[in-house]
Amino acid sequence: MQNFFLPVFGVTALMFAVAPFVIANAPYESTMLLVQKIFYFHVPAWFVMFTAIFISGVYDAIYLFKGDRRADRIAAAAAELAVIFGLMGLVTGPLWGRKAWGVWWQWDARLTMALLLEVIFIGYLLVRKYGGPGSEKLSAAMAVFGMLNVPFVYISVNIWRTVHPRTSVVPTLGPGMFGAFWFSVCAFMLLFVLLMALRVRFEHQRAKLDDLYLAEET
Amino acid sequence: MSPIRVALLILKKDFAIEVKSLEIVSTTLFFAVSCLIVFSFAFVKEGAPVQDAAAGILWIAIAFSGTLALGRIFERERYGETLRALLLAPAPRPAIYLGKLFGMVLLMLSTEVVLVPMVALLFQAPLFSRPLLLIVLLLAGTVGFASVGTLFAAMLVRARTREIMLPILLYPVTIPVMIAGVQGTSALLQNTPDEAMATMWISIVTAFDTVFLTFCLWMFEPLMTE
């Protein structure tokens, strides 16, 4: 891990240092002006959250069916990051909504789905922490169900209500905005990779320590 | 022995125990009725119920009482230390899950048989204008809720904090069922019932049931190994 950690860390730090300038120089969106800039923070956070949910669901399914404990550690790390990046999205979304819609919260399809996924993964962390012995399996099932639930929540809430800007906004961005947007996404993804690497390493070491304690006792 | 036969045997066993004491049925039912009474204070203004409240009240009462019942169905196995014996039985694990699920669905349906007329009566809701669609919607919703619930309840049997964990895990996952149930029921409660809308929600719940039931059957085995 040491080999790639430092270079990736350097690139990520550099990207985050440059990002404010890139975002400040990106052209204003014609109707929302300055408010729209939060988009460079908000959307990448969701991109990372969905990536994290996907990783968590897949690795926990591997853990459940193959019993590979390393997969469980990766899934747990991803679940924690899903909650953190989800929280970023949930904080920045209402800030924008207050200006654009005039209210902090709308029971819109995407908002509701994001909130539910956040709740599911907070549930995951709670079970893992307070579930007692064997809680890894419980939380693993929760992650798999959380992932499976995405399309159902999406469809049902979508029929129920929709006011959020469509995801088809992204391909229609102007040239200056396009670059700044993907720059932000890359920076967030790199940050995610870094945090994942740290978190997985931490879990591996904890597991190693637990094994040593167990060996000592027997 | 075929899995369905095993499932029916487990259902028969649980039914025989339940008939003797009526513990779960009576407590669940009474809890559901208490929920309705509490809701009536919130959703009845000047003698008349708030518009469209009936569908939500019905489904919340179903979900709450269902959660209570889910907490109990495996509790009995735990007290009697019989869960291990059940798991050791020379029967496929999914059949055990299926047996418990049958019991849970029957239990919830028997509560609904009392709940639906009570909601219709107390909140002046024309719930019986399209009885067949309502029955299908209730059945599909109950199966969806119970399928995920039975799996989670089984998983949580050994967890320390199971009473609080069950609703924490169950409600976010079963939200699609709740949305479909509430929206479908309120479509049926319109002055002219919106059958197309209700049918669409029924098909969404049925799809949910199919996917989640398959996954529950698939996951019960790895989850219940010690």
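Residues numbered from 1 in each chain as written. Chains lettered and ligands numbered in written order. Predicted model: local features only at pLDDT ≥ 70, side-chain atom pairs only at ≥ 80, totals over all residues. Heavy atoms only, no water.

Undergrad: For the overall build of chain B, give the residues involved together with the corresponding values.
TA: In terms of helices and strands, chain B carries 10 helices and 2 strands. Going from N to C terminus, chain B has its helices and strands arranged as α-α-β-β-α-α-α-α-α-α-α-α. Structurally, chain B occupies a C-alpha span of about 55 × 35 × 30 Å along its principal axes. Counting all 226 residues of chain B, 52% fall into the buried class. Long-range contacts, defined as pairs at least 24 residues apart, comprise 81% of the intrachain contacts of chain B with a sequence gap of at least 6. (Helix = DSSP H or I, 4+ residues; strand = E, 2+ residues; numbered from the N terminus. Buried < 20%, exposed > 50% of the residue type's maximum accessible area, 1.4 Å probe, protein only. Contact = heavy atoms within 4.5 Å.)

Undergrad: How would you explain the interface of chain A and chain B if you had to name every residue and give the values?
TA: Taken residue by residue, the interface counts 26 residues in chain A and 31 residues in chain B. Counting the surface lost from both chain A and chain B, the interface buries some 2,600 Å², and carbon and sulfur atoms represent 83% of this. Summed over the three residues of chain A that lose the most area to chain B, namely Phe65(A), Phe145(A) and Phe152(A), the buried surface amounts to 26% of that side. Summed over the shared surface of chain A and chain B, the number is 2 residue pairs in polar contact (both at pLDDT 80 or more). Listed by contribution, the elements that provide at least two residues to the side of chain A that touches chain B are helix H2 (39-66), helix H4 (109-130) and helix H5 (135-160) of chain A. (Buried area = accessible area lost by both parts, 1.4 Å probe. Polar contact = N/O pair within 3.5 Å; in protein donor to acceptor, adjacent residues only side chain to side chain.)

Undergrad: Which residues make up the packing of helix H9 (residues 175-188) of chain B against helix H10 (residues 195-223) of chain B, and what values go with them?
TA: Residue and element names in this part refer to chain B. Put simply, H9 and H10 touch, their axes get as near as 8 Å, and they point 160° apart. Judged by the angle between their axes, H9 and H10 are roughly antiparallel. Where H9 crosses over H10, the handedness of that crossing is left-handed. Counting all contacts with H9, which are made through Pro176, Val177, Ile179, Ala180, Gln183, Gly184, Ala187 and Leu188, the residues of H10 involved are Met197, Ala198, Trp201, Val205 and Phe208. Here the contact of H9 with H10 is built from residues that sort into 11 nonpolar, 2 polar and no charged. (Axes fitted to C-alpha atoms, helices over the stretch in contact; angles between N-to-C directions. Parallel < 35°, antiparallel > 145°, perpendicular 65-115°, else oblique. Left-handed = near helix turned anticlockwise from the far one by under 90°. Nonpolar A, V, L, I, M, F, W, Y, C, P; charged D, E, K, R; others polar.)

Undergrad: How would you sum up H4(A)? Please name residues and give values.
TA: Compared with the 32 Å implied by 1.5 Å per residue over 22 residues, the 31 Å span of H4(A) between its first and last C-alpha is a close match. Directly beyond the C-terminal end of H4(A), a positive phi value near 80° is found at Gly132(A). (Expected span 1.5 Å × (residues − 1).)

Undergrad: Explain the side chain of Ser65(B) to me, using residue names and the numbers behind them.
TA: Residue and element names in this part refer to chain B. Its place among the elements puts Ser65 in helix H3 (residues 53-73). Accessibility expressed as a relative area gives 3% for Ser65, which makes it buried. If we ignore the near neighbours within four places in the chain, the residues touching Ser65 are Thr28, Phe31, Ala32 and Thr111.

Undergrad: I'd like a description of the packing of aromatic side chains, backed by residues and values.
TA: Under the criterion given, the structure shown has 16 aromatic pairs over all chains. With a centroid separation of 5.3 Å and 80° between ring planes, the pair formed by Phe145(A) and Phe152(B) is classed as edge-to-face. Here Phe145(A), found in helix H5, pairs with Phe152(B), found in helix H7 (residues 131-156), and the two come from separate chains. The same class applies to Phe145(A) as to Phe152(B), namely buried. An aromatic cluster of three or more residues is present, and its members are Phe16(A), Phe41(A), Phe85(A), Phe188(A) and Phe192(A). Against the face of Phe74(B) rests Lys100(B), its NZ or CZ located 5.2 Å from the ring centre. (Phe/Tyr/Trp six-rings, centres within 6.5 Å; stacked < 30°, edge-to-face > 60°. Lys NZ or Arg CZ within 6 Å of the ring centre and 35° of its normal.)

Undergrad: Let's hear about the packing of helix H2 (residues 23-43) of chain B against helix H6 (residues 93-122) of chain B: which residues, and what values?
TA: All names here are of chain B. At a closest axis distance of 10 Å, the pairing of H2 and H6 adopts a crossing angle of 25°. Taken together, the axes of H2 and H6 are roughly parallel relative to one another. Pair H2 / H6 crosses with right-handed handedness. Judged by residue contacts, Ile24, Val25, Thr28, Leu29, Ala32, Val33 and Leu36 of H2 engage Leu107, Thr111, Val114, Leu115, Met118, Val119 and Leu122 from H6. Of the residues that constitute the contact of H2 with H6, the class distribution is 12 nonpolar, 2 polar and no charged.

Undergrad: I'd like a rundown of the pattern of salt bridges, residues and numbers included.
TA: If you walk through the whole model with that rule in mind, you get 15 salt bridges over all chains. Among the ionic pairs, Arg72(B) bridges to Glu23(B), the shortest N-O distance being 2.4 Å. Here Glu23(B) lies in helix H2 and Arg72(B) lies in helix H3, a separation of 49 residues in the sequence. Across the pair Glu77(B) and Lys100(B) runs a salt bridge, and its minimum N-O distance is 2.8 Å. Here the residue Glu77(B) occupies a position in helix H4 (residues 75-79), and Lys100(B) occupies one in helix H6, the gap between them amounting to 23 residues. Classification of Lys100(B) as buried rests on a relative accessible area of 2%. Residues participating in the shared-partner salt-bridge network are Glu80(A), Arg199(A), Glu203(A) and Arg206(A). (Salt bridge = Lys/Arg side-chain N within 4 Å of Asp/Glu carboxyl O.)

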